[in-house]
Amino acid sequence: GISSTAASGTASTLRSPSDPGLTSNGAARGTGEGPVTARGRRTRERVIDAARVVFEERGFSDTRMSDIAERAGVSHGTIYVYFDSKQAILHAVVAALLVDLGKYLRANGNDDPVRRISEANLRYLEVYTRHARLLQVVEQVATSDPGFAEILSDFRAKHVARVADGIRKLQQDRQVDPRLDAGVSAAALSAMVEGYARHSPGYQVEDVHPTLTFLWLRALGLSDPPGAAHTHTPTRTSDTNADTGAA
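Note that this is a predicted model, so its numbers are computed, not measured.

### Re helix H9 (residues 146–172)
Here H9 is 27 residues long and its end C-alpha atoms lie 38 Å apart, about the 39 Å a rise of 1.5 Å per residue gives. Along H9, the residues that are buried comprise Gly147, Phe148, Ile151, Leu152, Phe155, His159, Val163, Ala164, Ile167, Leu170 and Gln171. The N-capping residue of H9, defined by a side-chain oxygen 2.8 Å from the backbone nitrogen of Gly147, is Asp145. Backbone geometry just after H9 places Arg174 at a positive phi near 65°.

Laid out in structure tokens, this is it:
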């Protein structure tokens, strides 16, 4: 699952090659630290919150600045006080998302590696489900904007690196076979959970978590936690989580 370390580093990942003047907190080019007054900060946050809703409803390409202004309850011109483009607003939305991920995916202090992996996968699936539509939007934009592609690539790389470090630690403790390549294992196992979350719409987290964790643990040669399922058929719900994107 995603780690808090993977969700950190927001400032470095949000400096985009395609948006060289965009600040790490998502402010529009040329605005430096962003609004200095409390009223200005509240207005900017209202714009960001409204933009997320509109992006999720319409997608990025079909969203107009005027749509965001209308949803935020501000004038069209007010938007440009804080952001000079839809890309700049989406950067701010993604910055807020990564902050939320960092708060939710706190470091897991469980000393039992089996429990730690199980809890990390559970948190990943929960947070992925919560942000599925926005992640899909960012994935779509990333296909044509190298800046957003870099953000996603950096996020995944940090996550996989942390998982690999954890596997190496387990190998040093003789809990995982040292013949396993930690980097390859981390990338493959992370891709398994992310891929399921991305391509299996309508799943219930509590249904799929035991099986995904069982597969992860068995791949590392660890015992499964009590109650883990060897096989499980996920219960389909409505398409609330449909067409999700990657974290």
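Anyway, onward from the coordinates.
### Considerations on the environment of Ala187
Relative to the helices and strands, Ala187 is located in helix H10 (residues 182–199). You can call Ala187 partly exposed: its relative accessible area is 37%. When the C-alpha atoms of Ala187 and Ala161 are compared, they prove to be 8.4 Å apart, with 26 residues separating the residues in sequence.

### Quick look at a positive patch on the surface
Positive charge collects at one region of the surface, where Arg39, Arg41, Arg42 and Arg46 lie side by side. Under the relative-accessibility criterion, Arg46 is labelled partly exposed at 38%.

### A short note on the packing of helix H3 (residues 38–58) against helix H8 (residues 132–142)
Contact geometry for H3 and H8: axes closest at 9 Å, N-to-C directions at 75°. Here H8 runs roughly perpendicular to H3, going by the angle between their axes. Counted together, Arg52, Phe55, Glu56 and Arg58 of H3 and Arg133, Leu134 and Val137 of H8 form the full contact between these two elements. Of the residues contributing to the contact of H3 with H8, the split by class is three nonpolar, no polar and four charged.

What counts as what
- Residues numbered from 1 in each chain as written.
- Predicted model: local features only at pLDDT ≥ 70, side-chain atom pairs only at ≥ 80, totals over all residues.
- Heavy atoms only, no water.
- Helix = DSSP H or I, 4+ residues; strand = E, 2+ residues; numbered from the N terminus.
- Expected span 1.5 Å × (residues − 1).
- Buried < 20%, exposed > 50% of the residue type's maximum accessible area, 1.4 Å probe, protein only.
- Polar contact = N/O pair within 3.5 Å; in protein donor to acceptor, adjacent residues only side chain to side chain.
- Patch = residues over 30% accessible without salt bridge, like charges linked within 9 Å, V, L, I, M, F, W, Y side chains within 5 Å.
- Areas by Shrake-Rupley, 256 points an atom, 1.4 Å probe, with all protein chains shown as cover.
- Salt bridge = Lys/Arg side-chain N within 4 Å of Asp/Glu carboxyl O.
- Lys, Arg positive; Asp, Glu negative; His and termini not counted.
- Charge placed at Lys NZ, Arg CZ, Asp CG, Glu CD.
- Axes fitted to C-alpha atoms, helices over the stretch in contact; angles between N-to-C directions.
- Parallel < 35°, antiparallel > 145°, perpendicular 65-115°, else oblique.
- Contact = heavy atoms within 4.5 Å.
- Nonpolar A, V, L, I, M, F, W, Y, C, P; charged D, E, K, R; others polar.

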